Amino acid sequence: DDVTTWDDASERKPPNPLGVPGSGKAIFYDMLHSNNAARVRLFIELKGLKDQIETKILRYEDLQTAEFARVNPLKKVPAFITDSGRCLFESFVILEYLEDRYGSIGDPLKPASADER
């Protein structure tokens, strides 16, 4: 059987649609007129992560390519490839990942408790 069940999820590898091993540097796919991408862009700027996260500014035509569809099958931004090669493509999910991964850098952008949020 080639069927993966939730029981053996620990043996599954994270999706890596580009077939590239983790490069050690995350990649953020951005479009300057995207409000959702602007949220991620602002986080990266406020945390001072420009040296740790490569940003690729896309044009509309770039979204329609087969290469970008492997990053985000929905063909929209924002999209993010983690340093281990995992693809994320919803702004909320990307921001949660960034907060978990880089939250200790600089000032916290998210209050620690639910009551403070």
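Above this text is the structure in question.
Residues numbered from 1 in each chain as written. Predicted model: local features only at pLDDT ≥ 70, side-chain atom pairs only at ≥ 80, totals over all residues. Heavy atoms only, no water.

Enquirer: Pulling in residues and values, what's your account of unusual backbone geometry?
Expert: The residue after Val77, namely Pro78, is reached through a cis peptide bond having omega 5°. With respect to the helices, strands and loops of the structure, Pro78 is situated in the loop between helix 3 (66-71) and strand 3 (79-81). Although it is not a glycine, Lys75 adopts a positive phi angle of roughly 55°. Summarising the element assignment, Lys75 is placed in the loop between helix 3 and strand 3. (Helix = DSSP H or I, 4+ residues; strand = E, 2+ residues; numbered from the N terminus.)

Enquirer: Please give an account of the pattern of salt bridges that cites residues and values.
Expert: A full pass over the atoms with the stated rule returns 6 salt bridges. With a closest N to O distance of 2.7 Å, Asp30 and Arg41 form a salt bridge. Here Asp30 is found in strand 1 (residues 26-30), whereas its partner Arg41 is found in helix 1 (residues 35-47), with 11 residues between them in sequence. Residue Arg41 is classed as partly exposed on the basis of its relative accessible area, which comes to 27%. Two residues, Arg101 and Asp83, come together in a salt bridge whose shortest N-O distance is 2.6 Å. In this pair, Arg101 is assigned in helix 4 (residues 91-102) and Asp83 in the loop between strand 3 and strand 4 (87-88), connecting sequence segments 18 residues apart. (Salt bridge = Lys/Arg side-chain N within 4 Å of Asp/Glu carboxyl O. Buried < 20%, exposed > 50% of the residue type's maximum accessible area, 1.4 Å probe, protein only.)

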